[in-house]
Amino acid sequence: MKIEFNSEKEFDIIAIGRACIDLNAVEYNRPMEETMTFKKYVGGSPANIAIGTSKLGLKAGFIGKLADDQHGRFIKQYMAGVGVDTSNMVTDQEGHKTGLAFTEIKSPEECSILMYRDEVADLYLDPSEVSEDYIKRSKILLVSGTALAKSPSREAILKAVQLAKKNDVKVIFELDYRGYTWASKEETSVYYTLVAQQADVVVGTRDEFDVMENIEAGSNEATISALFNHSPELVVIKHGVEGSYAYIKSGETFRGHAYLTKVLKTFGAGDSYASAFLYALITGKDIETALKYGSASAAIVVSKHSSSEAMPTVEEIEQLIADRSKEAVTNQ
């Protein structure tokens with residue numbers, strides 16, 4: 001089973017939403033209170049996915065709002081440097097700042113993120129700054145959930161989704177839930193459901209789908225039966241080390257196994273998973289293979305220090321898959 005995309009489009013993927021700064025602890029295995037040095041990277045789920053897909057050789061673009069400061073310029077220069085089209089990245093003129101994420105690497109199991117997201121530029125992307133001419137040039141529009149948390153970014157995203165659907169552009173919704181950005185669980189559920197029902201592909205963790213459904217512990221079966229009454233043709237639900245499941249509207253289910261690796265940190269896995277999964281789909285691979293690409297990419301990124309900079313090449317992903325296949329045969 002493969003997903004069909006409009007092959008005549010110029011861009012493979014255009015992502016919309018937040019691009020910010022990650023400051024990752026250089027000193028491992030200690031709490032942030034005792035961490036003295038941090039290394040700067042580009043961060044933010046849709047920015048990471050645009051970077052990841054570009055590094056894999058796809059033609060990627062980005063729609064977002066950047067602060068008119070050194071951090072904003074760093075983000076734009078870095079993304080352009082790895083091949084992402086930045087022509088639709090808007091510079092904020094109202095003094096809003098770049099979002100910052102400080103990460104703590106206490107142990108491979110214990111990692112936390114301290115976010116500074118008040119009055120950040122990316123949430124001030126205005127609907128008037130979303131171009132139909134740009135969106136219609138892409139096979140895919142990738143939307144991430146955090147951009148729905150506040151207006152005017154929320155309306156900009158809803159406009160982008162409408163334009164994508166009008167112009168035969170597949171909408172991929174990456175749930176990307178960040179609780180501290182939202183006013184309430186009820187509000188999150190309303191807007192997540194609204195966009196998920198219009199998307200062609202929905203990707204998230206089981207916990208994120210629970211937030212969307214505003215329930216404590218949902219089931220994959222209930223999730224897909226609700227979503228398949230609407231636009232989605234593919235739903236991917238991730239269960240951490242237990243792997244992931246892909247469900248398609250025609251009734252088939254595919255299981256993706258997690259590749260165990262030497263974990264340095266727990267963050268960055270979701271964005272690298274999405275990048276490689278989408279790369280595989282766009283290049284005509286079947287869903288089962290796409291799940292392997294996603295799992296392998298996530299395994300590579302959690303073993304390295306950054307999220308954006310650690311995004312792997314196609315060769316690295318395929319090497320890991322081949323190595324693990326050999327190991328599986330040897331151990332039989």
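Preceding this section is the structure that the text describes.
Here we summarise the structure given alongside this text. Per chain, the residues get numbers from 1 upward, laid out in the order the sequence is written. Per-residue local features are limited, in this predicted model, to residues with pLDDT of at least 70; the limit for side-chain atom pairs, both in listing and counting, is 80 or more; totals at the level of whole chains, interfaces and linings are taken over all residues. Side-chain descriptors were evaluated using all non-hydrogen atoms of the structure, hydrogens and water having been removed beforehand.

With respect to helix 4 (residues 153–166)
In step 1: The secondary structure listing takes helices from DSSP runs of H or I that are at least 4 residues long and strands from runs of E that are at least 2 residues long, numbered from the N terminus. Take the residue count of a helix, subtract one, and multiply by 1.5 Å to get its expected span. Spanning 14 residues, helix 4 covers 20 Å between terminal C-alpha atoms, matching the ideal 20 Å at 1.5 Å per step.
In step 2: For every residue, the accessible area obtained with a 1.4 Å probe (protein chains only) is divided by the maximum for its type, and the residue is called buried under 20%, exposed over 50%, and partly exposed between those limits. The complete set of buried residues in helix 4 reads Ser-153, Arg-154, Ala-156, Ile-157, Leu-158, Ala-160, Val-161, Leu-163 and Ala-164.
In step 3: Throughout, a contact is declared for two residues whenever any of their heavy atoms are within 4.5 Å. Here the buried face of helix 4 lies against strand 1 (11–16), helix 3 (132–135), strand 8 (138–144), strand 9 (170–174) and helix 5 (185–198).
In step 4: Just past helix 4, the residue Asp-168 takes up positive phi, approximately 55°.

So, helix 7 (residues 220–227)
In step 1: Residues Asn-220, Thr-223, Ile-224 and Leu-227 constitute the buried set of helix 7. An end-on view of helix 7 places all buried positions within 90° of arc, on one side of the element.
In step 2: Looking at the packing, one finds that the buried side of helix 7 touches helix 5, strand 10 (201–205), helix 6 (206–213), strand 11 (234–238) and strand 12 (244–248). In this context, the arc is that of the directions from the helix axis out to the C-beta atoms.

Section: the state of the cysteines
In step 1: Whenever a pair of cysteine sulfur atoms sits within 2.5 Å, that pair is classed as a disulfide. According to the stated counting rule, one finds zero disulfides in the structure shown.
In step 2: The thiol of Cys-20 is not disulfide-bonded; the next cysteine sulfur, from Cys-111, is found 17 Å away.

Here we look at the sheet that holds strand 9
In step 1: By definition, two strands form a pair when at least two bridges between them are found by DSSP. Spatially, 5-4-1-8-9-10-11-12-13 is the arrangement adopted by the nine strands of the open sheet, whose pairing is mixed. Across the chains shown, the open sheet's two edge strands, defined by having one partner strand only, are strand 5 (85–91) and strand 13 (253–256). Averaged over all pairs of adjacent strands, the angle between strand axes in this sheet comes to 15°, irrespective of strand direction.
In step 2: Here strand 9 runs beside strand 10; their pairing, made up of three bridges, is parallel. All axes are obtained by fitting lines to C-alpha atoms, using only the stretch in contact for helices, and the reported angles, taken between N-to-C directions, cover 0 to 180 degrees.

A closer look at the sheet that holds strand 2 (residues 20–25)
In step 1: Spatially, 3-2-6-7 is the arrangement adopted by the four strands of the open sheet, whose pairing is mixed. With one partner strand each, in any of the chains shown, strand 3 (38–43) and strand 7 (111–116) form the two edges of the open sheet. Neighbouring strand axes in the sheet, compared pairwise and without regard to direction, differ in orientation by 25° on average.
In step 2: Sheet strands in contact with helix 2 (residues 70–81) are strand 2, strand 3 and strand 6 (100–105), and its direction is about 65° off that of strand 3.

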